[in-house]
Every structure is written in structure tokens, then in C-alpha cells.
Amino acid sequence: MRRPRLPRTRAGRRRLLQAVMAGCVLALLPATWMYLVTGDRLRTTADVPRSDVAVVFGAGLWDGEPSPYLAHRLDAAARLYRAGRVKVVLVTGDNSRKDYDEPDAMRTYLTRHGVPAERIVSDYAGFDTWDSCVRAKKIFGVDRAVLISQGFHIRRAVALCQAAGVRSYGIGIQDKHDITWYYGGTREVLAAGKAALDAVFHPDPRFLGPKETGVSKALASAR
């Protein structure tokens, strides 16, 4: 197989360089958009504004239990609840098959860490970040929320929930920089492009379904 050759003329090399630079700029636009949209929306568990609802995004299970990354997200949600900074926790994740149930595993973990079961609401069709944000708004009636995820993902979560109509603040959990962290950070570069398209075109989630009253009932019991 013949190797590609660089243009022989100075004008040709200049056009190639311009094309490469244009490609780099286009690739960085979605990430730039996310940083601009999220601006001052990232906080910590100590200074995040009080909100009725915290949303915790799924992050995988290990033998039916939350993965370490997911456990750290749930720990932050439990701290917020115990501190009185949120009243209800919406756990959103994948339950696309019978032997894999993120929301129920998240619920069980939270109840073991001091969050009453009646203050936890499960979204079983949070197949990706956009689906979780749209369903939080359209299905569960969430208008304002604190979002909890890892630092490499939280900007995308906040940007997408803002686009879906949920006024959001984000808490980015800072885990150690292991291979999973680097994989997640690399994945976000690619996911930023899809996020920008979702924010522009507002596609329907994979599953929408009827409206649910879990959040409103949980909030009513909290008053």
C-alpha cells in the first residue's frame, strides 16, 4: 500500500495545513461550547445552592453493586441529603435487561447510607446523559436540580440538562487519575460532538413513556 504523499508545491502544503487547522478548530468547538455554557455552574457539596432534587447518573455495576465511580457519586448525594441541601434524589441509569439494574442498585446503596427510600426516585430509562436530562424534565417534572457525576463528565451533564430545560448546578467528583479516569476523559472529547448535536436538534430519548409523579410525591412527603 502506497503511503500518502505531501503536496509538492508550497501552495499545496499551505492548503493542507489550513485544512488540518480547520479540522482541529471544528473538533474543539463542542468542548468550547460546553465550557461556555457551564461557566459558573460547577460547585462542591459544601457550596452548591440548595435544591429540591439531586440527579445521580449511572456509572456501571460490579457484580450487581455500584462501581467505585458510581459509589462516589452516590456518597456525594447522600452527603447533600444529610446536610439538608437536597430533599429528593433522582437516580437515573440503565435497566435495559433483567440482569442489569443500575437504578435499583443505586437506591439500595443510598438507603444503606442514610437516605430514606421514600426520598429516592428511580428512572429506569436513563440510557445516556441526554435521555436522563430530557426524562428528568418531561417525565419527572424536574425544573431545577443539582447534578452529580465525575469531573470529566459533569460539564456535559450540566450543558445537556440546561439544553433540556433543567436549570442545573453540577458537582464533579474528583477521583484518582487511574485508567478508568483517563478513558472517561478521552471519551468525553468524542461525546462532546454528540452532546452539541443533541442540544441543537433535541432528539427524543430512546424511551419516553408517560409522566411519572415520583418526584412530586417525594417532595410532598418532605414538606
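Quantities reported herein were computed from a predicted structural model and do not represent experimental measurements.

Participant: Sorry if this is basic, but what is going on with the sheet that holds strand 7 (residues 144–150) here?
Facilitator: Strand pairing within a sheet occurs via backbone hydrogen bonds; the two strands may be parallel or antiparallel. Strands sit in the order 1-8-7-2-5-6 across an open sheet of 6 strands; the sheet is parallel. With partners counted over all chains shown, the strands left at the sheet margins are strand 1 (42–43) and strand 6 (120–123), one partner each. Across 2 bridges, strand 1 lies against strand 8 (residues 167–173) in parallel orientation. Residue pairing for strand 8: Arg43 is matched across the bridge by Ile171. Running at roughly 155 degrees to strand 7, helix 5 (residues 151–164) makes contact with strand 1, strand 2 (53–57), strand 7 and strand 8 of the sheet. With respect to the sheet, helix 7 (residues 214–222) is in contact with strand 2, strand 5 (88–92) and strand 6, its orientation differing from that of strand 6 by roughly 175 degrees.

Participant: Help me understand the pairing of strand 2, please; the structure alone is not making it clear to me.
Facilitator: Side-chain positions along a regular strand alternate between the two faces of the sheet. Burial within strand 2 is extensive, with 5 of its 5 residues counted as buried. Going residue by residue along strand 2, you find Val53, Val55 and Phe57 tucked away on one face and Ala54 and Val56 tucked away on the opposite face as well. Where strand 2 and strand 5 come together, 5 bridges link them in parallel fashion. Looking at the pairing, Val55 lines up with Leu90 of strand 5. Bridging between strand 2 and strand 7 involves 3 bridges; their strand directions are parallel. Looking at the pairing, Ala54 lines up with Val146 of strand 7.

Rules and cut-offs
Residues numbered from 1 in each chain as written. Predicted model: local features only at pLDDT ≥ 70, side-chain atom pairs only at ≥ 80, totals over all residues. Heavy atoms only, no water. Pairing = 2+ DSSP bridges. Helix = DSSP H or I, 4+ residues; strand = E, 2+ residues; numbered from the N terminus. Contact = heavy atoms within 4.5 Å. Axes fitted to C-alpha atoms, helices over the stretch in contact; angles between N-to-C directions. Buried < 20%, exposed > 50% of the residue type's maximum accessible area, 1.4 Å probe, protein only.

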